[in-house]
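A closer look at the structure
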Amino acid sequence: LILLGSTGSIGLNTLAIAERYAIDIELLSAGKNVEVLNGQIARFKPKYVAISDKRLKSKINHTRIFCGEEELLEAIALCKSETVVNAIVGFAGLRSTIRSLELGKKVALANKESLVVAGAFIDTTQITPIDSEHFALSYLVQDKPIKKMSITASGGSFRDYPLEKLGDVTVKEALNHPNWSMGSKITIDSATMTNKLFELLEAKWLFPKVQHFDAFIETQSIMHAVIDFVDGSSTTHLAGADMKLPIAYAIKDAVEEPILPPVDLVALGSLEFRAICEDRYPIWAIKEHILEHPHLGVVVNAANEVAVAQFLDGKIGFLDIGERVLETYDRYRDVKVVSLEDVFALDEEIRKSF
Ligand code: NDP
Ligand code: MG
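A few points on the structure. (Residues numbered from 1 in each chain as written. Chains lettered and ligands numbered in written order. Predicted model: local features only at pLDDT ≥ 70, side-chain atom pairs only at ≥ 80, totals over all residues. Heavy atoms only, no water.)

What follows concerns the overall build of the protein. Helix and strand counts for the protein come out as 15 helices and twelve strands. In terms of C-alpha radius of gyration, the protein reaches 20 Å, essentially the compact-globule figure of 20 Å for 354 residues. Principal-axis analysis of the C-alpha atoms places the extent of the protein at approximately 55 × 50 × 40 Å. Relative to its 354 residues, the protein shows a buried fraction of 55%. Residue pairs in contact within the protein that sit at least 24 positions apart in sequence constitute 62% of those at least 6 positions apart. If you sum the accessible surface of the protein, you get close to 16100 Å²; carbon and sulfur atoms cover 51% of it. Looking at charge distribution, the protein has the averaged site of its 38 positive side-chain charges lying 4 Å from that of its 49 negative ones. (Helix = DSSP H or I, 4+ residues; strand = E, 2+ residues; numbered from the N terminus. Rg over C-alpha atoms; globule rule 2.2 N^0.38 Å. Buried < 20%, exposed > 50% of the residue type's maximum accessible area, 1.4 Å probe, protein only. Contact = heavy atoms within 4.5 Å. Areas by Shrake-Rupley, 256 points an atom, 1.4 Å probe, with all protein chains shown as cover. Lys, Arg positive; Asp, Glu negative; His and termini not counted. Charge placed at Lys NZ, Arg CZ, Asp CG, Glu CD.)

Coordination sphere of the magnesium ion (ligand 2), protein contribution only: Asp131 (OD), Glu133 (OE) and Glu199 (OE), at 2.1 to 2.2 Å. Mapped onto the sequence, the donors of the magnesium ion (ligand 2) take the spacing D-x1-E-x65-E. Of this pair, Glu133 sits in helix α6 (residues 132-140) while Glu199 sits in helix α9 (residues 194-206), placing them 66 residues apart in sequence. (Donors = N, O, S within 2.8 Å, 3.2 Å for Na, K, Ca; no water.)

Moving on, we get to the site of ligand 1. Taken together, 24 residues are adjacent to ligand 1, and Thr7, Gly31, Asn33, Glu113 and Gly183 come closest. One nitrogen or oxygen atom from the main chain of Gly183 is found 2.8 Å from an oxygen atom belonging to ligand 1. The protein chains hide 84% of the 900 Å² of surface that ligand 1 would expose on its own. Broken down by class, the residue content of the shell around ligand 1 amounts to ten nonpolar, ten polar and four charged. (Near = heavy atom within 4 Å. Polar contact = N/O pair within 3.5 Å; in protein donor to acceptor, adjacent residues only side chain to side chain. Nonpolar A, V, L, I, M, F, W, Y, C, P; charged D, E, K, R; others polar.)

Each strand in a sheet pairs with its neighbour through backbone hydrogen bonds, running either in the same direction (parallel) or in the opposite one (antiparallel). Overall, parallel pairing links the seven strands, which are arranged β4-β3-β2-β1-β5-β6-β7 in an open sheet. Edge positions in the open sheet fall to β4 (65-67) and β7 (127-129), since each of these has one partner strand only. Going across the sheet, the axis of each strand differs from the next one's by a mean of 15°, ignoring polarity. Across four bridges, strand β2 (residues 27-30) lies against strand β3 (residues 48-51) in parallel orientation. In the sheet register, Ala30 faces β3, and the bridge partner there is Ile51. (Pairing = 2+ DSSP bridges. Axes fitted to C-alpha atoms, helices over the stretch in contact; angles between N-to-C directions.)

In this section: the packing of aromatic side chains. In total, this model carries nine aromatic pairs according to the counting rule given. Look at Tyr139 and Tyr249: their rings are 5.8 Å apart centre to centre, the planes differ by 75°, and that puts the pair in the edge-to-face class. You can see Tyr139 sitting in helix α6 and its partner Tyr249 sitting in helix α10 (residues 244-251), a full 110 residues away along the chain. In this structure Tyr139 comes out as partly exposed when scored by relative accessible area, which is 47%. Their ring planes at 70° and their centres at 5.2 Å tell us that Phe158 and Tyr161 sit as a pair that is edge-to-face. Note on Phe158: relative accessible area 2%, which makes it buried. Of note, Arg95 hangs over the ring of Phe344, and the distance from its end group to the ring centre comes to 3.9 Å. Here the basic side chain of Lys252 rests over the ring of Tyr21, its NZ or CZ set 4.2 Å away from the ring centre. (Phe/Tyr/Trp six-rings, centres within 6.5 Å; stacked < 30°, edge-to-face > 60°. Lys NZ or Arg CZ within 6 Å of the ring centre and 35° of its normal.)

It is the contact of α6 with α9, at a shortest axis distance of 10 Å, that shows an interaxial angle of 35°. Every pair of crossing elements has a handedness; the one defined by α6 and α9 is right-handed. Contacts between α6 and α9 involve Glu133, His134 and Leu137 on the former and, on the latter, Lys196, Glu199, Glu202, Ala203 and Leu206. Of the residues assigned to the contact of α6 with α9, the class counts are three nonpolar, one polar and four charged. (Left-handed = near helix turned anticlockwise from the far one by under 90°.)

Counting across every chain of the model gives 22 salt bridges. The salt bridge partner of Lys112 is Asp131, with a shortest N-O separation of 2.9 Å. Residue Lys112 is found in the loop between β6 (106-109) and α5 (113-118), and its partner Asp131 is found in the loop between β7 and α6; the two are separated by 19 residues along the sequence. Judged by its relative accessible area of 5%, Lys112 falls in the buried class. Residue Asp131 is classed as buried on the basis of its relative accessible area, which comes to 8%. One salt bridge connects Arg274 with Glu272, and the closest N-O pair in it is separated by 2.8 Å. Residue Glu272 is classed as partly exposed on the basis of its relative accessible area, which comes to 37%. Here the salt bridges share partners, and the residues they tie into one network are Lys112, Asp131, Glu133, Lys196 and Glu199. (Salt bridge = Lys/Arg side-chain N within 4 Å of Asp/Glu carboxyl O.)

Shape descriptors only; they carry no functional weight alone.
Below you can see the structure in the form of structure tokens.
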């Protein structure tokens, strides 16, 4: 297995599953967390190691170290493993997805941003989604006509917060997700609902024959997706809020052992569903438009990555994130994106404009 983003939340869960099934790790890649990376090297003994921050090379306990993005892509090409888990966060994961697919490898994709920004230029038949909602949809799909696919959202850190106080929330409060333990960027994206917007785009690329996609809130994160079939029946996928299940399916051919305990519906008593409202989640205003113009994913992603980083640095408020993204979306509404080169150029242009 090739594991990119090994020091993050998905990376750690992937290593737990790999260890359980004694799957060899050929390449470990991280951003800058040398301490965790060195621990992983000692434990999993990968053949190659990659780090994106070049200044940290001398601190890594390994003899075959690759630094920066270009060298990471070289390391992937050297590997014999057929599966790549891409758990890098953000646009930084795009080139690895593209190169891995060019090399004929199967990509177990946590880096949803790859599809959000460049889904039109990616062969999704070689991708297994690690995102829980898309794993759920793949689990549910049958060879029957589908009317609609729906995915669920938790509602994020502020689903019950007084609306009029949302402008003053702290970074610490925003990072306090009610159901999932995840990296900081996706936790903020959950609070703004941008994560769900991204997941609708992700679903659109992964299930290109389906016409209708939507999302709603299920507050416990037990129900992950619903498929409405044309015949009037609907099926849903229930599982605990733990990424080990999607990861196990993404890196193993067959999963026959228990990964999670089953959901106990009687103990839960009830589930609560809510619509996603634009007053709490302003980004939802562009849902229909972006699903019709999915090439605009790169615009939302670039603006969002910069704005979320600024919020985490204490430079802007929570509500400013959505405002900046929507402002940028309006500015670029008519932009054309017809190639991967356009995706990289537009991403760069938007970041510079901030
Ligand atoms: P984390 O922030 O926990 O981890 C991100 C990983 O990417 C770390 O290993 C980090 O390295 C590495 N990284 C960061 N920047 C770079 C870079 N420029 N080049 C190379 N590597 C880099 O995020 P998550 O694990 O939560 O999320 C990873 C991806 O999975 C995201 O796209 C997210 O949307 C998706 N995802 C996550 C879920 C979850 O439950 N966590 C659920 C569904 C999808 P380091 O820490 O060493 O700097
Ligand atoms: Mg998800």
